[in-house]
Amino acid sequence: MSRESVVLLQAHFNTLDDPRVVPRCKHRLLDIVAMAVCAMIGGADDWESIAQFAQARKPFFDRILGLQHGVPSTDTFSRVFSLINAEQFERCFRHWVMQSLSADGMKYLAIDGKTIRRSHNKKLNEPPLHIVSAYASEAGLVLAQEKVDDKSNEITAIPRLLEHLDLEGSTVTIDAMGCQKAITEKIIERKGNYVIGLKGNQPKLYEQVEAQFGCWIKCNFSDSPVDWFEHTEKNRDRTETRRVWCSEALEQIPQAASWPGLRSIVMVESVRRTAEHESVEQRFYVSSSAANAEHMAQAIRQHWSIENSVHWVLDMTFSEDQSRVRERQAAENLSLLRKIAMNIVRADKTKKASMRGKRRIAGWDEEYLVTLLKTLAV
């Protein structure tokens, strides 16, 4: 059964072009990929520990892969993943995840970027690698990633990422950096809806939205065409109340007419209270959805899960910010390996343990590693 699980895993990457001179190679490309994925699931974080895991589990890999020349060295893993076409590798991953995801799992789709802080290359004057990811928050799965060009920013990478996704029926959430007409146009073109943060990078629209809500606040929203929702959370000594107001009354927002699909404006007020302190913060959003305050509150709340469930996990559990892999294609492929492992581990419901705990157990227990490999098998 373990061999069947690995064969299924390899099948998702069988369209990868082998960039090597194949007749001169000892190790099959898909065997290297499978060993790297298994090692990343089992606690490895870099090429050296991936090679060490493969060596420590050599009898396991012999049995399921039929290795003819032992396991690859650290240099072999590093070299091969620096040669694998990162776009092809990501495409294989994306198709795999989309096959295993139901329509309900795409209800809220958070888009956000993360910098791999130690991936800069001073010799080549290259900044740290920055990658934008798409995260299906209710399913808990990363769906796709897109590298940000060294001399650009997320604004150019997000439309390329969206181009690869079927957004029909999904609500896409992005922070204020993504508040760009080209991005909203792409979301509407892909048949999705959006809820996007609004700040000073769109000054005219921001001023008009802020002024409109200011008018409604002055009259205490009396007879205002506004939907409202409130939610309170208590966490130890802190209480946070979030109030959401949204409206489709855009007569006083002339800028709205030039934004693709813009249908409603949103204000969120967060009030945080502790025994010693109280703070109030207001944030504004624009959306292509109808003015349903509870839906807006859920979408905005779900967006922050990409910080806690993806970025934080990559740093704290997979040591991403400690990675010193600086060759661009290798760093991008290693980032994707982390997300493959994270998806696989998170999809498992057989053990009640943290992400770190499940990886540790998978490193110790071959049967559990095989169980994990079946989680996204389709």
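Further up the page is the structure itself.
Here is what the cut-offs are and how they apply
- Residues numbered from 1 in each chain as written.
- Predicted model: local features only at pLDDT ≥ 70, side-chain atom pairs only at ≥ 80, totals over all residues.
- Heavy atoms only, no water.
- 1 Å grid on protein atoms, 1.4 Å probe; cavity = no way out; pocket = protein on both sides within 12 Å on 5 of 7 lines; lining within 4 Å.
- Points joined across faces, edges and corners; volume = space filled by probe spheres on them.
- Helix = DSSP H or I, 4+ residues; strand = E, 2+ residues; numbered from the N terminus.
- Nonpolar A, V, L, I, M, F, W, Y, C, P; charged D, E, K, R; others polar.
- Phe/Tyr/Trp six-rings, centres within 6.5 Å; stacked < 30°, edge-to-face > 60°.
- Buried < 20%, exposed > 50% of the residue type's maximum accessible area, 1.4 Å probe, protein only.
- Lys NZ or Arg CZ within 6 Å of the ring centre and 35° of its normal.
- Pairing = 2+ DSSP bridges.
- Axes fitted to C-alpha atoms, helices over the stretch in contact; angles between N-to-C directions.
- Contact = heavy atoms within 4.5 Å.
- Expected span 1.5 Å × (residues − 1).
- Polar contact = N/O pair within 3.5 Å; in protein donor to acceptor, adjacent residues only side chain to side chain.
- Salt bridge = Lys/Arg side-chain N within 4 Å of Asp/Glu carboxyl O.
- Parallel < 35°, antiparallel > 145°, perpendicular 65-115°, else oblique.
- Left-handed = near helix turned anticlockwise from the far one by under 90°.
- Arc of directions from axis to C-beta.

1. A closer look at empty space enclosed by the protein
Piece 1. What the rule picks out here adds up to two cavities of 30 Å³ or more.
Piece 2. Lining the largest cavity we find K114, I116, I131, S133, H311, L314, E320, S335 and K339.
Piece 3. Elements with a minimum of two residues in the lining of the largest cavity: β1 (108-116), β2 (129-136), α11 (305-316) and α12 (328-347).
Piece 4. Residues belonging to the lining of the largest cavity are distributed by class as follows: three nonpolar, three polar and three charged.

2. Points about the packing of aromatic side chains
Piece 1. Per the counting criterion, the structure on display carries 10 aromatic pairs.
Piece 2. On the basis of an interplanar angle of 80° and a centroid distance of 5.3 Å, the ring pair of F213 and W216 is categorised as edge-to-face. Placement of both F213 and W216 in helix α9 (residues 203-218) is noted, with a separation of three residues, approximately one turn of the helix. Both residues of the pair, F213 and W216, count as buried.
Piece 3. Within the aromatic cluster, the residues linked to one another by ring pairs are F13, W47, F81, F89 and W96.
Piece 4. Sitting over the face of the ring of Y368, K351 holds its NZ or CZ atom 5.2 Å from the ring centroid.

3. Here we look at the sheet that holds strand β6 (residues 227-235)
Strand pairing in a sheet relies on backbone hydrogen bonds, with the paired strands running either antiparallel or parallel.
Piece 1. With mixed pairing, nine strands are arranged side by side in an open sheet as β3-β2-β1-β4-β5-β9-β8-β7-β6. Among the strands making up the open sheet, the edge pair consists of β3 (141-147) and β6. Each neighbouring strand pair of the sheet contributes to a mean axis angle of 25°, computed without reference to strand direction.
Piece 2. Bridging between strand β5 (residues 193-198) and strand β9 (residues 278-287) involves four bridges; their strand directions are antiparallel. When the sheet's bridge partners are listed, G197 is paired in β9 with Y285.
Piece 3. Packing against the sheet, α9 makes contact with β5, β7 (238-247), β8 (264-273) and β9, and its axis sits at approximately 65° to β8.

4. Structural notes on helix α6 (residues 86-100)
Piece 1. If you check α6, its first and last C-alpha atoms are 22 Å apart, about what 15 residues at 1.5 Å a residue would give, namely 21 Å.
Piece 2. Taken residue by residue, α6 has A86, Q88, F89, E90, C92, F93, R94, W96 and V97 as its buried positions.
Piece 3. Among the residues of α6, the N-terminal cap falls to N85, whose side-chain oxygen and the backbone nitrogen of E87 are separated by 3.0 Å.

5. Quick look at the side chain of S335
Piece 1. On the secondary structure map, S335 appears in helix α12.
Piece 2. For S335, a relative accessible area of 1% puts it in the buried group.
Piece 3. Looking at S335, its side chain comes within polar contact range of the side chain of K339, at 2.9 Å.
Piece 4. Excluding residues that lie within four positions of it along the chain, S335 makes contacts with I116, I131, Q145 and E320.

6. Things to note about the pattern of salt bridges
Piece 1. Enumeration according to the criterion identifies 30 salt bridges in this entry.
Piece 2. Where E320 meets K114, a salt bridge forms, and the shortest distance between an N and an O atom there is 2.9 Å. On the criterion of sequence distance, the pair formed by E320 in the loop between α11 and α12 and K114 in strand β1 is long-range, its members being 206 residues apart.
Piece 3. The buried category is assigned to E320, whose relative accessible area is 2%.
Piece 4. By relative accessible area, K114 is classed as buried at 9%.
Piece 5. One salt bridge connects E240 with R272, and the closest N-O pair in it is separated by 3.5 Å. Placement of the pair is E240 in strand β7 and R272 in strand β8, with a sequence separation of 32 residues.
Piece 6. The network of salt bridges with shared partners includes E233, R238, E240, R242, R272, E281, R283 and R301.

7. Some details on the packing of α6 against α12
Piece 1. Relative orientation of the contacting elements α6 and α12 amounts to 15°, with a least axis distance of 9 Å. When the axis of α6 is compared with that of α12, the two are roughly parallel. Of the two possible hands of crossing, α6 and α12 adopt the one that is left-handed. Counting all contacts with α6, which are made through A86, F89, E90, F93, W96 and V97, the residues of α12 involved are Q329, E332, N333, L336, L337, K339, I340, N343 and I344.

8. Observations regarding the environment of S305
Piece 1. With respect to the helices, strands and loops of the structure, S305 is situated in helix α11.
Piece 2. Discounting residues that sit within four places of it in the chain, S305 has contacts with Y135, S137 and V310.
Piece 3. A distance of 2.5 Å separates a polar atom in the side chain of S305 from the backbone oxygen of Q302.

9. A word on helix α1 (residues 2-11)
It helps to recall that an α-helix has 3.6 residues per turn; residues three or four apart then point in one direction.
Piece 1. Every buried residue of α1 is accounted for by S2, S5, V6, L9 and Q10. What you see down the axis of α1 is that its buried residues fit within an arc of 135°, all on one side.
Piece 2. Close packing links the buried residues of α1 with α2 (29-41), α4 (58-65), α6 and α14 (366-373).

It is worth stressing that arrangement in space is one thing and function is another; only the former is reported here.
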